[in-house]
Amino acid sequence: QVQLVESGGGLVQAGGSLRLSCAASGSIFSINTMGWYRQAPGKQRELVAAIASGGSTNYADSVKGRFTISMDNAKNTVYLQMNSLNPEDAAIYFCSGTFNTLWGGKDSWGRGTQVTVSS
């Protein structure tokens, strides 16, 4: 089993910044990819950003230039630096990852952290 725990969500004014963290724990041999998704009320969950173990990244068009994903392999932790936040960024942000574990490949999701942006 791999557990993912997100932190760093909260309330911020439009134009402000937040940094989300997601720590993975369990019998992890290595990380394949980790990423952040978000889901706003009444909307489908969407990919925000993803990063592979080699460092390659992928971003949703709506966050390019404002959000930065990074990963600390030694800590099994992924971060999402969010700048210039706007009300459309408000959502529950979920961490996800694919891992190589003692029992083979494993996909895991965190429980989410709320991001609220006031206008």
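In what follows, the accompanying structure is described. (Residues numbered from 1 in each chain as written. Predicted model: local features only at pLDDT ≥ 70, side-chain atom pairs only at ≥ 80, totals over all residues. Heavy atoms only, no water.)

1. Overview of the overall build of the chain
Broken down by element type, the chain carries zero helices and eleven strands. Counting helices and strands in the order they occur from the N terminus, the chain gives β-β-β-β-β-β-β-β-β-β-β. Its C-alpha atoms give the chain a radius of gyration of 14 Å, near enough to 14 Å, the size a compact globule of 119 residues would have. Across its three principal directions, the C-alpha atoms of the chain cover 45 × 25 × 20 Å. Each of the 119 residues in the chain was classed as buried or not, and the buried ones make up 40%. Just so you have it, the chain exposes about 6,200 Å², and 47% of that area is on carbon and sulfur atoms. Of the side chains in the chain, 9 bear a positive and 7 a negative charge, and the two mean positions are spaced by 4 Å. (Helix = DSSP H or I, 4+ residues; strand = E, 2+ residues; numbered from the N terminus. Rg over C-alpha atoms; globule rule 2.2 N^0.38 Å. Buried < 20%, exposed > 50% of the residue type's maximum accessible area, 1.4 Å probe, protein only. Areas by Shrake-Rupley, 256 points an atom, 1.4 Å probe, with all protein chains shown as cover. Lys, Arg positive; Asp, Glu negative; His and termini not counted. Charge placed at Lys NZ, Arg CZ, Asp CG, Glu CD.)

2. As for the environment of Ser21
Residue placement: Ser21 occurs in strand β3 (residues 18-26). By relative accessible area, which is 18% here, Ser21 ends up buried. Not counting chain neighbours up to four residues away, the residues in contact with Ser21 comprise Val5, Glu6, Ser7, Trp36, Val78 and Tyr79. (Contact = heavy atoms within 4.5 Å.)

3. Some remarks on the pattern of salt bridges
Across all of its chains, the model carries four salt bridges by this definition. Where Arg38 meets Asp89, a salt bridge forms, and the shortest distance between an N and an O atom there is 2.9 Å. Of this pair, Arg38 sits in strand β4 (residues 28-39) while Asp89 sits in the loop between β8 (77-82) and β9 (91-101); the two residues are 51 residues apart in sequence, bridging distant segments of the chain. For Asp89, a relative accessible area of 1% puts it in the buried group. A salt bridge links Lys64 to Asp61, with the shortest nitrogen-to-oxygen separation between them at 3.1 Å. (Salt bridge = Lys/Arg side-chain N within 4 Å of Asp/Glu carboxyl O.)

4. Some points on the environment of Thr33
Tracing the backbone through its elements, the reader meets Thr33 in strand β4. Leaving out residues up to four positions away in the same chain, Thr33 has contacts with Ile51, Ala52, Ser96, Gly97 and Thr98.

5. Brief notes about the packing of aromatic side chains
For the structure on display, the rule yields one aromatic pair. An angle of 55 degrees between the planes, with centres 4.9 Å apart, marks the rings of Tyr37 and Trp109 as tilted. Note that Tyr37 is positioned in strand β4 and Trp109 in strand β10 (residues 104-109), a separation of 72 residues in sequence. Residue class for Trp109 comes out partly exposed when judged on its relative accessible area of 40%. Looking at Arg45, its charged tip hangs above the ring of Phe94, at a distance of 3.8 Å from the centre. (Phe/Tyr/Trp six-rings, centres within 6.5 Å; stacked < 30°, edge-to-face > 60°. Lys NZ or Arg CZ within 6 Å of the ring centre and 35° of its normal.)

Spatial relationships are all this shows, so hold off on functional conclusions.
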